[in-house]
Protein chains: 4
Amino acid sequence: MNTPTWISRSVSLLRAAPGESGGGAAASPALRSTRERLKATLRRDQEALSPRILRRTLTELQSIVDLRVSEVEGGRRAKAVAEWYATTTPAERRDVWLLISEQFAPDAAKVKGAREQYEAAVGTPEEGRAEIRLRRALVSPRTRLLQRFASFPDGMRFLVDLRAELLPHLKSKGDESARLLALDDELESLFSTWFDVAFLELRRISWDSPASLIEKLIKYEAVHDIRSWSDVKNRLDSDRRCYGFFHPSLPDEPLIFVEVALQDDVTASITPLLDESAEASDLTRATTAIFYSISNTQTGLRGVSFGDSLIKHVVEELRAEFPKLRTFATLSPIPGFKSWLAKNLAAQIEHLDDKQRAELGKVVDFAPPGPSHVLAAMDDVLALAPKSPLRQFIVRCAAQYLARSLVDGKPADPVARFHLGNGARVERLNWAGDPSAKGLKQSYGLMVNYLYDLKRLDKHRHMLAQGKVPASGEIDSLCLT
Amino acid sequence: MNTPTWISRSVSLLRAAPGESGGGAAASPALRSTRERLKATLRRDQEALSPRILRRTLTELQSIVDLRVSEVEGGRRAKAVAEWYATTTPAERRDVWLLISEQFAPDAAKVKGAREQYEAAVGTPEEGRAEIRLRRALVSPRTRLLQRFASFPDGMRFLVDLRAELLPHLKSKGDESARLLALDDELESLFSTWFDVAFLELRRISWDSPASLIEKLIKYEAVHDIRSWSDVKNRLDSDRRCYGFFHPSLPDEPLIFVEVALQDDVTASITPLLDESAEASDLTRATTAIFYSISNTQTGLRGVSFGDSLIKHVVEELRAEFPKLRTFATLSPIPGFKSWLAKNLAAQIEHLDDKQRAELGKVVDFAPPGPSHVLAAMDDVLALAPKSPLRQFIVRCAAQYLARSLVDGKPADPVARFHLGNGARVERLNWAGDPSAKGLKQSYGLMVNYLYDLKRLDKHRHMLAQGKVPASGEIDSLCLT
Amino acid sequence: MNTPTWISRSVSLLRAAPGESGGGAAASPALRSTRERLKATLRRDQEALSPRILRRTLTELQSIVDLRVSEVEGGRRAKAVAEWYATTTPAERRDVWLLISEQFAPDAAKVKGAREQYEAAVGTPEEGRAEIRLRRALVSPRTRLLQRFASFPDGMRFLVDLRAELLPHLKSKGDESARLLALDDELESLFSTWFDVAFLELRRISWDSPASLIEKLIKYEAVHDIRSWSDVKNRLDSDRRCYGFFHPSLPDEPLIFVEVALQDDVTASITPLLDESAEASDLTRATTAIFYSISNTQTGLRGVSFGDSLIKHVVEELRAEFPKLRTFATLSPIPGFKSWLAKNLAAQIEHLDDKQRAELGKVVDFAPPGPSHVLAAMDDVLALAPKSPLRQFIVRCAAQYLARSLVDGKPADPVARFHLGNGARVERLNWAGDPSAKGLKQSYGLMVNYLYDLKRLDKHRHMLAQGKVPASGEIDSLCLT
Amino acid sequence: MNTPTWISRSVSLLRAAPGESGGGAAASPALRSTRERLKATLRRDQEALSPRILRRTLTELQSIVDLRVSEVEGGRRAKAVAEWYATTTPAERRDVWLLISEQFAPDAAKVKGAREQYEAAVGTPEEGRAEIRLRRALVSPRTRLLQRFASFPDGMRFLVDLRAELLPHLKSKGDESARLLALDDELESLFSTWFDVAFLELRRISWDSPASLIEKLIKYEAVHDIRSWSDVKNRLDSDRRCYGFFHPSLPDEPLIFVEVALQDDVTASITPLLDESAEASDLTRATTAIFYSISNTQTGLRGVSFGDSLIKHVVEELRAEFPKLRTFATLSPIPGFKSWLAKNLAAQIEHLDDKQRAELGKVVDFAPPGPSHVLAAMDDVLALAPKSPLRQFIVRCAAQYLARSLVDGKPADPVARFHLGNGARVERLNWAGDPSAKGLKQSYGLMVNYLYDLKRLDKHRHMLAQGKVPASGEIDSLCLT
C-alpha cells in the first residue's frame with residue numbers, strides 16, 4: 001500500500017495536538033472526545049487499523065463533510081480516501097464501515113428538539129414547518145459523507161462495491177451486524193433514490209453491442225449459465241431480444257437484464273432455447289414473448305427493485321417492434337421446490353385421496369407410501385412415464401407449492417414472489433423443462449410459465465394482497481388443497 | 001377542459017358511497033374522515049375546485065400511492081393527473097398543492113412511536129436500527145407521490161414547473177404560505193438528490209449546437225440580455241466558450257450556463273465583449289478566462305446549487321483545452337449596489353476623512369455634503385472625470401459594499417455572495433464597466449472582477465466563514481473602514 | 001502572402017539546374033521541354049505569376065503526381081499547394097488552372113498506340129483487354145493530380161470552390177475558355193463519381209439541427225429568400241419538413257435541400273406558407289406534401305444532379321412517417337415566364353380565337369389588341385378580377401409556356417425542366433400564388449403545381465422523351481395550341 | 001429459386017414480339033440483333049442459363065441503363081436483378097458476367113469518331129474539348145450498369161462479392177478469362193475511385209467495439225490466426241491497438257486492419273505477443289509501436305491499395321496518443337522464404353566462402369555440402385544452437401532473399417514488397433520469431449522487422465525505385481552478395 005497523500009497531510013493536523021501521542025499532557029477537548037467516540041466505536045482487540053491510522057481516517061472522513069469545504073473539494077477528498085480504501089484489507093475495511101456507521105450518525109440532541117416541536121405542531125398550521133425541521137435534523141453527516149463519495153467518477157461504483165462487501169457481515173450474529181445496519185440502510189435509501197427507475201435507461205443488448213458488455217452477460221447470467229461466446233451469440237440471435245437497465249453513474253454495467261425468445265407458442269422447455277445449433281424461429285410468425293432469464297448484476301443494490309419496471313418496459317418495446325405479439329410469459333425455474341418438498345412431503349401425501357395414495361403406493365412399492373419411500377423412488381425422475389402416478393404426484397406438489405404456499409402472505413418460492421408480485425399468474429408446469437443437473441437439483445427438472453396478462457396485472461396484485469395466488473384453471477385443478 | 005378519463009373512473013368509486021352526497025345516511029367512516037380532512041385542508045369559500053372534483057382529485061392522488069398498485073401503474077396514474085392539471089386554472093392548482101401538502105403528510109402516530117424507540121436507543125447498539133425506523137416513519141406518502149410524478153417522461157418537467165408556480169405563494173402573508181411549506185421543502189429536498197451534481201452532465205454549447213438549444217440561451221440569459229441571433233453568435237465565437245449543466249430528466253434544458261471570454265488580460269468592461277463587430281481575439285495568446293455571465297434557468301430548482309461545481313468543472317475543461325490559461329476571473333454586475341448606497345449614503349459620507357469630505361463637498365456644491373446633495377450630483381456618472389472626487393467616492397462606496405458589508409455573515413450583494421461563497425475574492429472595480437441603462441440603474445455602471453485563485457479557494461472560504469471578505473490589496477485600500 | 005514552405009524547397013530543386021536561369025549554358029532536356037511547354041501554356045504578357053513562380057508551381061504540381069512519391073506524401077504536397085493557392089489573386093489562380101488543364105493532359109502518343117490496338121481488337125476476344133488499355137491511357141496525370149487534392153481534409157472543399165471560381169471563365173469568348181474546358185470536364189467527371197447518390201446521406205434538418213447548419217439554409221435558400229431566424233423557424237415548424245443531401249467529404253454542407261409543407265390539400269399560394277404568424281396545420285389531417293422550395297448550394301458541383309433522387313428519397317421518408325399522405329406536389333415559381341412572354345406575346349395573341357381577341361381588346365382599349373397595348377395593361381396584374389379577359393389571357397399564355405414550349409426537346413422553363421425531367425406533370429396554375437416583387441417580376445405573380453404521381457413517373461418521362469409535356473386536363477384545356 | 005417479379009414482367013415484353021420464339025415469322029430487327037449478339041457472347045453448349053432466361057436477363061440489364069429511366073428507377077431494377085442473382089448457380093453467374101462484360105462494351109463507332117477528332121486536335125486549343133469527347137465515348141453502358149448496382153443499400157456488397165467470385169476465373173486458360181477481363185478491370189477502376197482513401201474512415205477497434213465486428217477480426221485475420229475470443233481479447237488489451245479502414249457503403253466491414261503492440265523495444269518474437277496469459281506491458285514506458293499483423297478482408301477489392309495509407313494514418317493516431325513513441329516497426333512473416341530457398345539453395349551455397357562452406361559441410365556431414373544434404377539437415381531448425389553454421393547459413397539466405405532478390409524490380413517476398421513499397425527498410429532478422437507450424441513451413445520460423453523511419457520513407461522509396469533494397473547495416477552485412 002502506498003501511503004496516500006492525505007496521510008502526510010493528516011500528520012500535520014496531528015502536530016497541532018502535541019499531547020496526543022504521549023500519555024502525559026492533556027489532549028484538547030475536541031480531540032479527546034474524538035478519541036472517546038473512537039473507543040466506543042472500535043472496541044480494542046478487534047480493530048484492524050492501528051489507532052493512529054484510525055484517527056487519521058476519521059479526521060479525513062470528517063474533513064470531507066466539513067461545512068467550510070466546498071462540495072467540489074469534499075468530493076476530491078472523498079476520492080483520495082476511496083483510493084486508499086482500495087488498498088486496504090477486509091478487516092481494515094470493516095473498521096472504516098464502523099467509523100462511517102457510528103461516527104456520522106444524526107445529532108441526537110437536534111433530533112430531540114425537532115421532534116418535540118413537531119409533535120406540538122401536528123394538526124396546526126405549523127405542522128409543515130415542523131415536519132421540515134425534523135426531516136432536516138435526521139439528515140445525518142453520514143448522508144452528506146456518502147453523497148460526496150457519489151460525486152466523483154467511479155464514486156458510485158465505489159459505494160455499490162462497498163455495500164456488496166458489507167452485506168454478508170449483516171447476517172453475522174453479535175452486535176457488529178447491528179452496528180453496521182445504519183450504514184447499510186442509509187446506502188439502500190440513497191441507492192433507492194439515485195437508482196430510481198426514472199433515471200434508468202432501457203437499452204437493447206445485441207450481437208452488435210460492445211464485446212466488453214456482452215462479456216458481462218456471460219459473467220452475470222444467474223439463471224442458465226452462459227457457457228461460451230457461441231452460447232451468448234445464440235441468445236442474441238434474430239429470434240431473441242435482450243434488454244438491460246443502465247444508469248448514468250455506472251455507464252457500462254447493466255443493472256439487470258432479461259433474455260427473451262420470440263416464439264409462436266408458450267415454450268415448455270429451456271432445452272431448445274439454449275440449443276446453439278437450432279435455427280432461429282420465424283419472426284413473422286411470432287405471437288409470444290418468452291422471458292426465460294432475468295438476472296440482477298449488482299449485489300450492492302440489494303433492496304432496490306428494477307425487475308417489475310424492466311419487464312413492463314420491455315413489453316412496451318416488444319409490442320412496438322412486433323405488433324402481432326399477443327402473449328407475454330416466462331419460462332422460469334422453481335428454485336425452492338425440491339427443498340420445500342423434502343420438508344413437506346408427508347403433508348402432501350396426506351392431501352392425496354385414497355385412490356391416489358394407493359396408486360402412488362404401488363409405484364413406490366409400499367402401502368401406504370411414506371415420505372422415505374417416495375423420496376427413494378424419486379432418484380430418476382426423468383425416466384418417469386407421463387402417466388406415472390409418481391410423476392403426477394410431483395406435479396401436483398409443485399402446483400401446491402407455487403399456488404398455495406405463502407410465507408408471511410407472500411409466495412414461498414423466490415421467483416414466484418417476483419413474478420406474482422408484478423401481477424403475473426402461475427400458468428403451466430412443464431415436466432422436464434430443465435433437465436440439467438441444476439434443474440434436477442432445484443425442482444426435479446420442472447419449470448413453470450408465469451403469464452403476464454397485461455389487462456389483469458393489477459387485479460392479480462390485489463388477489464395476491466388478499467392471500468390468493470392467481471393461477472390458471474389447470475394449475476388450480478392440480479392443487480391438492 | 002376535457003374530462004379526464006379518471007374522472008369517469010372516479011364516479012364509479014363514488015357510487016359505492018351512496019350516503020355521501022346527501023346529508024342523511026351515514027357515510028362510511030373512511031369517507032367521512034376523508035371529508036373531514038378535506039374540510040380541514042380546504043376552508044370553504046376559498047377553494048376553487050368544486051367539492052366533488054376535490055374529492056375525486058384526492059381519491060386519484062391516493063390511488064397513485066396505493067401500496068397495492070405497482071410503481072409502473074402508479075406512474076401511469078400520476079401522468080393522467082398531470083395531464084388534467086395542465087388544464088386547470090391557477091386557483092384550482094393552489095387547491096391541488098394544498099391537497100398534496102396537507103393530505104399526504106407523515107403518519108404522526110408512527111413518527112411518535114419511532115422517535116420514542118430512537119431516543120431510548122441512542123448510544124446503544126440499537127441506535128442504528130432505531131435511526132432507520134425513525135427515518136422511514138418520516139418518509140411521507142407525499143414523498144412517494146412526488147416520486148411517482150417523476151417517473152414518467154416529462155414528469156420531472158411537471159414537478160419543476162409546479163414548484164416554479166408555487167414559489168411566489170410562499171411569500172404571501174397569512175397561513176396559506178405556511179401550509180404549502182411542506183410541499184415546497186419536500187420538492188427542494190427531492191430535487192437536491194435528483195439533481196445532485198454527480199448526475200449532471202457538463203456540455204459545451206457552441207454555434208454547432210441545436211438552434212432550439214441556443215434559443216434557450218436567448219430566453220434564459222439573465223445578466224446581459226441577448227438581443228438577437230447575431231448577438232448570441234458573437235458570444236459563441238472562436239474566442240468564447242459557453243458551458244451548461246444538463247440533467248437526463250430535462251434533456252434539452254441547460255439548468256445553468258456560463259459564458260466565458262478568452263482574453264490576454266482581465267477585462268474591465270462588458271462593452272467590447274458584447275460588440276458583435278469586434279474581431280475574435282487570438283486564442284494562442286489567451287492567458288485569462290473571463291466568466292462574464294452566469295444564468296440559472298429553472299426557478300423551480302431554487303435552493304439546488306450548481307454554480308460552484310459548474311465553475312470548477314468549466315475551469316478544468318478550459319485548462320485541458322488551453323494549457324496556457326493562468327487567470328480565471330469574472331466580470332460581474334453589482335446588482336445591489338445602488339439601492340444599498342441609497343440607504344447607506346449618510347454613513348459612507350461619515351466614513352470619509354475631512355479632506356475627502358471637503359473635496360466631495362466642492363463637487364456637489366455643498367459643505368458639508370449631505371446625502372441628498374450627493375445623490376443629486378450622481379445623475380450623470382458616466383460624465384465624471386477619472387479624478388473627480390465624486391467618482392472616487394462612488395468607487396470607495398462600492399468597495400465598502402462588496403468587501404465590508406455582510407448580512408447574516410454573508411456578503412450583502414447576491415452575486416458577491418455566490419462567487420465569494422465559491423472561494424473567489426473581490427479583485428478589481430471597473431468604472432463604466434457596464435454603461436447600459438441596466439448597469440447604471442444597478443450600480444452606476446460599475447462592474448467588478450472576482451478572481452478565482454485555484455490554490456486559495458478553500459482558504460478564502462475559511463476567511464469568509466470567519467467574517468472576513470477576501471479581497472485584493474487594491475480593494476482593501478479603497479474601503480472606507 | 002507567406003512564402004509557402006515548398007517555395008524554399010523548390011529553390012533547392014532549381015539550384016540543381018544551374019544553367020536554367022541564365023541563358024548561356026544548355027539546360028537539361030527535361031527542363032528545357034518543361035520551359036517550352038510552359039511557354040505554350042502561358043502566352044507571355046497574360047500571365048499573372050512571375051515566370052519563376054510559374055515554374056516552381058509547375059514543379060510542385062508535378063511532384064504531387066510523381067510516381068515515386070507515395071499517395072500519402074502526394075496528398076501532403078497537394079495540401080501545401082492548396083494553402084498557398086488560398087493566398088493568390090484571381091489572375092494568379094487563372095494561371096494555375098491553365099497549368100493544370102494543359103500541362104497534365106493525357107500522353108497523346110500513348111493514347112494513339114492504345115486506340116490502334118483497340119480498333120484492331122474490336123469484335124475479337126482481345127477487345128476487353130484493349131478497351132482496358134485505352135481507358136488507362138486516357139487516365140491523365142491531371143486525374144491523379146485532382147485525386148491527390150481530394151485526399152486531405154478540406155481538399156474536396158478546395159476542389160469544389162476552385163471549380164465554382166473557374167466556371168464563369170468558361171463563358172468568356174476567346175480560346176482561354178476552350179483551354180480550361182478539359183479541367184472543368186475532368187472535375188465534373190470526378191465529382192459525378194465522388195458525389196454519386198449512393199454516397200450521399202439524406203438528413204432531416206429541423207429546429208434541433210445545429211445553428212451553424214440552419215444558418216446555411218438562410219444563406220443558400222434560392223427560391224423564397226429567408227428573411228430572419230423567425231422566418232426559418234417557421235419553415236421548420238411541426239407541419240414542415242426539410243431534408244438535405246450530405247456527403248462525407250463536405251460534412252457540414254447540405255449539397256441540396258428541399259422544404260416541404262404538410263397540408264390537407266394542394267396549396268395555391270406561397271403566402272400562407274411563409275406567414276410566420278400562421279398556426280401550424282394539423283398533422284393528423286395531412287394528406288398532401290407540398291415541395292415549395294428546392295435549392296442547390298454548391299455552384300462548383302454544377303452538372304452533378306441530385307434533385308431527382310432527393311425528391312424520391314424524401315417521398316419515401318414522408319410516406320414512412322405519414323402513412324396517410326396521398327398527394328405529392330410542388331408549389332413552384334415560373335422564373336422564365338415573363339421574359340418568354342415578352343418575346344412571344346404577338347404569337348400568343350395570334351393563337352386567340354376572334355371572340356377572345358375581341359374581349360382582350362376591350363380590356364386594353366385597343367382593337368385588335370397588339371403586344372404593346374397588352375403589355376401596357378399588365379402593369380398591375382394583382383388588381384385584375386378573376387373574370388378579367390386579360391387575366392385569363394395571361395393564364396392561358398402561362399399554360400402554353402409550360403405545357404407547349406420545348407427547347408431542344410426540353411421544357412423551356414428551367415424549373416419545369418427539372419420537375420418534368422423527374423417524371424412530374426404540370427398540374428395547376430395559381431393566380432397571385434407569389435405576389436412578392438420577385439414573383440411579379442418573374443411570372444406576373446403566377447405559380448404552378450407540379451404533381452408527382454408516383455405510379456406514372458416513368459410513363460411521364462417517356463411522354464416527355466417523345467416531345468409531349470405531361471399535363472393535367474385543366475392545363476391542356478387552357479393551352480392556346 | 002423463386003421466379004423474380006421481373007421475370008413475369010419480361011414475359012409480357014416478349015409477348016410483344018410474337019415471332020421470336022417460333023422460327024417462322026421474322027423477328028423485329030432490334031430483337032434479332034440482340035439474339036445475334038447474344039449468340040456471339042454465349043457460344044451454345046456452354047451457357048448455363050436457358051436461352052429464354054438469358055434473353056430476359058439481358059433485357060432486364062438493358063432496362064437498367066435505359067436512358068429514359070430515372071437513376072432511382074434504374075437502381076430499383078438493379079436491386080431486383082441482384083436479388084435474383086443471389087439465387088443462381090455458379091455456372092449461371094458466369095453467364096451473367098459474360099453478358100455484362102461483352103454486351104455493355106463502349107460503342108466502337110463512337111469511340112472511333114471521338115479518337116479521330118482527338119488526334120486531330122492534339123496541340124491545338126481544341127485538344128481539351130476533344131479529350132473530353134473521347135473520354136465520354138469510352139464511358140461504356142457497362143459503367144452505368146455497375147453504377148446502378150452501387151446505388152442501392154447492399155449494392156456495393158453485391159459488386160464486391162461478385163468480383164471476389166469472378167477473380168479465380170481470370171486465371172483460367174482459354175479465352176473465357178480474356179472475355180471477363182473488361183468487367184474485372186471496370187470493377188477495379190470503379191472500386192479505386194469509390195474506395196479512394198479520401199472516403200475511408202480510420203476507426204479504432206477495441207474490446208468495446210461491437211462483438212459482431214470483433215467476430216470479423218477472428219474471421220479475416222490472415223497472418224496469425226485468432227484461435228478464440230480470449231485470443232482476440234488479448235490482442236485488444238491495454239498495451240495493444242487495432243485500427244481498421246471503413247467505407248460508408250460497407251459500414252460494418254473493416255476493409256483492412258492492423259494490430260499493433262506498444263513495447264519498450266523492437267519485438268523479436270511473436271510468441272509473447274500472442275500469449276494470453278502475459279501481463280499487459282506498461283504503457284507509460286512504451287517507446288515502440290510494433291505492427292504485428294495486417295490483413296486485407298475483401299478479395300473483391302484486389303488491386304485497390306489501402307495498406308500504405310493505413311499505416312501512415314495509424315502512425316499519426318499513435319503519435320497523438322503516445323507522444324513518447326519513437327520507433328515504428330513491424331514484426332512480419334517471410335511467407336516466400338522457404339519455397340524460394342528450395343529453388344535457390346545451390347546458388348546460395350555457391351555464394352559462401354570456402355571457410356563457411358567447410359563449416360556448413362561439417363554440420364551436414366558432407367563435403368562439399370550439396371543442396372540435398374543441407375535440406376536434409378534442416379528438419380529441426382528450432383534445435384540449432386545460436387552458433388550453428390547451418391543456422392547462420394539460413395539467416396544469411398534470408399537476408400539475401402529479403403535484401404537482394406528483386407523480381408521485375410520489386411522485392412520477391414510479398415510482405416517485403418508491401419512494406420518496402422511503403423518506404424520501410426529491412427531492419428532485423430529474428431531466429432525462431434514464429435516457431436508455429438505455419439512459421440516453420442513458410443520461413444523456418446524466421447521473422448523480420450521492417451522499420452518505418454518516418455523521415456526517410458520517400459528516400460527509401462527512391463532507393464527501391466533504383467533497384468536497391470533499403471536495409472540496415474546488420475542485414476547488409478549478412479547478405480551473401
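Sequence order as written defines residue numbering, which begins from 1 separately in each chain. As a convention, the first chain written is A and the first ligand written is 1, with the rest following in written order. Residues qualify for local features only when their pLDDT is at least 70, as the model is predicted, and side-chain atom pairs are given and counted only at 80 or more; totals for whole chains, interfaces and linings, by contrast, use all residues. The side-chain quantities take in all heavy atoms of the structure and omit both hydrogens and water.

Some points on the overall build of chain A
At step 1: Secondary structure follows DSSP: runs of H or I at least 4 residues long count as helices, runs of E at least 2 residues long count as strands, and numbering of each begins at the N terminus. Each helix and strand in chain A was counted, giving 22 helices and nine strands.
At step 2: With respect to the three principal axes, the spread of C-alpha positions in chain A is 90 × 55 × 55 Å.
At step 3: Exposure categories follow from relative accessible area, calculated using a 1.4 Å probe and restricted to protein chains: below 20% of the type maximum is buried, above 50% is exposed, and the middle band is partly exposed. Within chain A, the proportion of its 481 residues that are buried is 54%.
At step 4: Residues are treated as being in contact if the distance between any of their heavy atoms lies within 4.5 Å. Looking at chain A alone, contacts between residues at least 24 apart form 74% of all its contacts between residues at least 6 apart.

Structural notes on helix H7 (residues 127-138) of chain C
Since the α-helix advances by 3.6 residues per turn, residues separated by three or four positions end up pointing in the same direction.
At step 1: The span one expects for a helix is its residue count, reduced by one, times 1.5 Å. Helix length check: H7 of chain C, at twelve residues, gives a terminal C-alpha distance of 17 Å against a target of 16 Å (1.5 Å per residue), a fit within 8%.
At step 2: Of the residues making up H7 of chain C, those classed as buried are Glu127, Gly128, Ala130, Glu131, Ile132, Leu134, Arg135, Ala137 and Leu138 of chain C.
At step 3: Each element contacted by the buried residues of H7 of chain C is listed here: helix H6 (108-121) of chain C together with helix H6 (108-121), helix H7 (127-138), helix H8 (141-149) and helix H10 (175-194) of chain D.

Comments concerning the interface of chain A and chain B
At step 1: Listed by partner, the interface residues are 58 residues for chain A and 59 residues for chain B.
At step 2: The term buried area denotes the loss of accessible surface (1.4 Å probe radius) that occurs when two parts are joined, taken as the sum for both partners. Of the roughly 4800 Å² buried between chain A and chain B, counting both surfaces, carbon and sulfur atoms make up 55%.
At step 3: For this document, the term salt bridge refers to a Lys or Arg side-chain nitrogen within 4 Å of an Asp or Glu carboxyl oxygen. Taken together, the connections running from chain A to chain B amount to ten salt bridges.
At step 4: Residue Asp185 of chain B is joined to Arg135 of chain A by a salt bridge in which the shortest nitrogen-to-oxygen separation is 2.8 Å.
At step 5: Identification of polar contacts relies on pairs of N or O atoms within 3.5 Å, with a donor-acceptor requirement for protein atoms, meaning one able to donate a hydrogen and the other able to accept it, and with residues adjacent in sequence counted only if both atoms are side-chain atoms. Between the two partners, chain A and chain B, sit twelve residue pairs in polar contact (both at pLDDT 80 or more).
At step 6: Elements with a contribution of two residues or more to the side of chain A that touches chain B: helix H4 (71-85), helix H6 (108-121), helix H7 (127-138), helix H8 (141-149), helix H10 (175-194), helix H14 (307-321) and helix H21 (457-465) of chain A.
At step 7: Here the side of chain A that touches chain B gets nine residues from one element, more than from any other, and that element is H7 of chain A.

A closer look at the interface of chain D and chain C
At step 1: Counting residues at the interface gives 59 residues for chain D and 58 residues for chain C.
At step 2: Summed over both partners, the interface of chain D with chain C comes to about 4800 Å²; 55% of that surface belongs to carbon and sulfur atoms.
At step 3: Between chain D and chain C we count ten salt bridges in total.
At step 4: Counting across the interface, chain D meets chain C through twelve residue pairs in polar contact (both at pLDDT 80 or more).
At step 5: Of all elements in the fold, only helix H4 (71-85), H6, H7, H8, H10, helix H14 (307-321) and helix H21 (457-465) of chain D reach the threshold of two or more residues within the side of chain D that touches chain C.
At step 6: Under this grouping Gly is polar, as are all residues other than the nonpolar Ala, Val, Leu, Ile, Met, Phe, Trp, Tyr, Cys and Pro and the charged Asp, Glu, Lys and Arg. Residues belonging to the side of chain D that touches chain C are distributed by class as follows: 24 nonpolar, eleven polar and 24 charged.

Let's talk about the packing of helix H5 (residues 90-103) of chain D against H10 of chain D
All names here are of chain D.
At step 1: Note on geometry: axes are lines fitted to C-alpha atoms, helical ones only across the stretch in contact, with angles between N-to-C directions running from 0 to 180 degrees. At their nearest, the axes of H5 and H10 sit 8 Å apart, and the two run at 60 degrees to each other. Relative to H10, the element H5 is oriented oblique. Pair H5 / H10 crosses with left-handed handedness. Of the residues in H10, those touching H5 at Arg94, Trp97, Leu98, Ile100, Ser101 and Glu102 are Glu176, Arg179, Leu180, Ala182 and Leu183.
At step 2: Its residues placed into classes, the contact of H5 with H10 shows six nonpolar, one polar and four charged. An angle counts as roughly parallel when it lies under 35 degrees, as roughly antiparallel when it exceeds 145, as roughly perpendicular when it falls between 65 and 115, and as oblique in every other case. By definition, turning the near helix anticlockwise from the far helix through less than a right angle yields a left-handed crossing, and turning it clockwise yields a right-handed one.

Section: the state of the cysteines
At step 1: Two cysteine sulfurs form a disulfide in these notes if their separation is within 2.5 Å. Considering all chains together, one arrives at zero disulfides over all chains under this definition.
At step 2: The thiol of Cys397 of chain B is unpaired, and the distance to the nearest cysteine sulfur, on Cys479 of chain B, comes to 10 Å.

Looking at the environment of Gly75 of chain B
Residues and elements named next belong to chain B.
At step 1: Here Gly75 is to be found in helix H4 (residues 71-85).
At step 2: Of the residues examined, Gly75 reaches a relative accessible area of 5% and is grouped as buried.
At step 3: Considering only alpha carbons, one finds Gly75 and Lys338, 263 residues apart in sequence, at a separation of 49 Å.
At step 4: Residue contacts for Gly75: discarding those within four places in its chain leaves Arg148, Ser151 and Phe152.

Here's the deal with the relation of the copies chain D and chain C
At step 1: For the match of chain D to chain C, the screw axis carries a shift of 0.0 Å, the RMSD comes to 0.1 Å, and the turn is 180 degrees. Such values leave the two copies arranged in the relation of a two-fold axis. For chain D, the smallest separation between a C-alpha atom and the rotation axis is recorded for Trp194 of chain D, amounting to 3.4 Å.
At step 2: Residue by residue, 98% of the interface of chain D is reproduced at the interface of chain C, so both copies engage with the same surface. A residue counts toward the fit only if its pLDDT is at least 70 in both copies, and the copies are then superposed by least squares on the C-alpha atoms of those residues.

Quick notes on the packing of aromatic side chains
At step 1: A pair of aromatic rings is counted whenever rings of Phe, Tyr or Trp (Trp by its six-membered ring) have centres within 6.5 Å, and the orientation is called stacked for planes under 30 degrees apart, edge-to-face for over 60 and tilted otherwise. Taken as a whole and assessed by the stated rule, the structure comprises 50 aromatic pairs over all chains.
At step 2: Here the aromatic rings of Phe199 of chain A and Trp194 of chain B are separated by 6.3 Å at their centres, their planes lie at 65 degrees, and the arrangement is edge-to-face. Linking Phe199 of chain A in the loop between H10 and strand E1 (201-204) with Trp194 of chain B in helix H10 (residues 175-194), this pair reaches from one chain into another.
At step 3: A relative accessible area of 10% means that Phe199 of chain A is categorised as buried.
At step 4: Ring pairing ties together the aromatic residues Phe191, Trp194 and Phe195 of chain A together with Phe199 of chain B, which thus form one cluster.
At step 5: To sit over a ring, a charge needs its Lys NZ or Arg CZ within 6 Å of the ring centre and within 35 degrees of the ring normal. Here the guanidinium or amino end of Arg203 of chain A rests over the ring plane of Phe246 of chain A, the centre of that ring lying 3.9 Å away.

Brief notes about the pairing of strand E8 (residues 425-430) of chain A
Residue and element names in this part refer to chain A.
At step 1: Counted residue by residue, E8 has five buried out of six residues, so it is predominantly covered.
At step 2: Here, strands pair whenever DSSP counts at least two bridges between them. By the bridge criterion, five bridges tie E8 to strand E9 (residues 447-451) in an arrangement that is antiparallel. Among the inter-strand pairings, Leu429 is bridged to a residue of E9, identified as Val448.

Here's the deal with the pairing of strand E9 (residues 447-451) of chain C
Along any regular strand, the residues point their side chains to alternate faces of the sheet.
At step 1: Most of E9 of chain C is tucked away: five of the five residues are buried.
At step 2: Burial along E9 of chain C is two-sided: Met447, Asn449 and Leu451 of chain C facing one way and Val448 and Tyr450 of chain C facing the other are all buried.

Some words on the relation of the copies chain A and chain B
At step 1: For the pair chain A and chain B, the relating rotation is 180 degrees, the translation along its axis is 0.0 Å, and the fit reaches an RMSD of 0.1 Å.
At step 2: Taken as a fraction of all interface residues of chain A, those also at the interface in chain B reach 100%, which identifies the copy contact as same-surface.

Considerations on the pattern of salt bridges
At step 1: Counting across every chain of the model gives 152 salt bridges over all chains.
At step 2: The salt bridge involving Glu83 of chain A is made with Lys79 of chain A; its shortest N-O contact spans 3.2 Å. Linking Glu83 of chain A with Lys79 of chain A, this pair stays in helix H4, spanning four residues, or about one helical turn.
At step 3: The class of Glu83 of chain A is partly exposed, set by a relative accessible area of 49%.
At step 4: Within this structure, Lys112, Arg115, Glu116 and Glu119 of chain A together with Lys112, Arg115, Glu116 and Glu119 of chain B form a network of salt bridges that share partners.

A short note on the domain arrangement of chain A
Residues and elements named next belong to chain A.
At step 1: Residue ranges assigned to each domain were obtained from an automatic or database domain assignment. Taken domain by domain, chain A consists of domain 1 (5-105 + 140-194), domain 2 (199-330) and domain 3 (337-478).
At step 2: The distance between the C-alpha centroids of domain 2 and domain 3 comes to 26 Å.
At step 3: Taken together, the contact pairs 20 residues of domain 2 with 19 residues of domain 3.
At step 4: Where domain 2 abuts domain 3, roughly 1500 Å² becomes buried across the two surfaces, and 57% of that area is made up of carbon and sulfur atoms.
At step 5: It is Ala268, Phe328 and Thr330 in domain 2 that bury the most area against domain 3; as a group they hold 31% of the surface buried on that side.
At step 6: On inspection of domain 2 and its partner domain 3, the count reaches one salt bridge.
At step 7: Arg461 is paired through a salt bridge with Asp308; the nearest N and O atoms lie 4.0 Å apart.
At step 8: In this assembly, domain 2 and domain 3 are joined by ten residue pairs in polar contact (both at pLDDT 80 or more).
At step 9: For the side of domain 2 that touches domain 3, the elements supplying multiple residues, two or more each, are H14 and strand E5 (327-330).
At step 10: Top contributing element to the side of domain 2 that touches domain 3 by residue count: H14, with six residues.
At step 11: Here the residues of the side of domain 2 that touches domain 3 sort into ten nonpolar, seven polar and three charged.

Considerations on the environment of His373 of chain B
Residues and elements named next belong to chain B.
At step 1: For His373, the position within the fold is in helix H17 (residues 371-377).
At step 2: Judged by relative accessible area, His373 falls into the partly exposed class, the value being 25%.
At step 3: Linking His373 and Asp175, residues 198 residues apart in sequence, is a C-alpha distance of 44 Å.
At step 4: Not counting the four nearest positions on each side in its chain, His373 is found in contact with Val364, Phe366 and Pro368.
At step 5: Looking at His373, its side chain comes within polar contact range of the main-chain nitrogen of Gly370, at 2.8 Å.

Description of the confidence of the model for chain A
Residue and element names in this part refer to chain A.
At step 1: pLDDT is a residue-level measure of predictor confidence that goes from 0 to 100. Per-chain confidence: chain A averages 87 in pLDDT, with 90% of residues scoring 70 or above.
At step 2: A low-confidence stretch, residues 1-32 stays under pLDDT 50, and its non-local contacts, those more than four residues away or across chains, total 27 contacts.
At step 3: Confidence metrics for the complex model read pTM 0.86 and ipTM 0.85.

Section: unusual backbone geometry
At step 1: Each neighbour pair has its own omega, and for Ala367 of chain A with Pro368 of chain A the value is -15 degrees, a cis peptide bond.
At step 2: Along the chain, the position of Pro368 of chain A falls in the loop between helix H16 (354-364) and helix H17 (371-377).
At step 3: Despite not being glycine, Tyr444 of chain A shows a phi value in the positive range, around 50 degrees.
At step 4: Among the secondary structure elements, Tyr444 of chain A is positioned in the loop between helix H20 (437-443) and E9.
At step 5: Even without being a glycine, Ala432 of chain C presents a positive backbone phi close to 60 degrees.
At step 6: When you line up the elements, Ala432 of chain C lands in the loop between strand E8 (425-430) and helix H20 (437-443).

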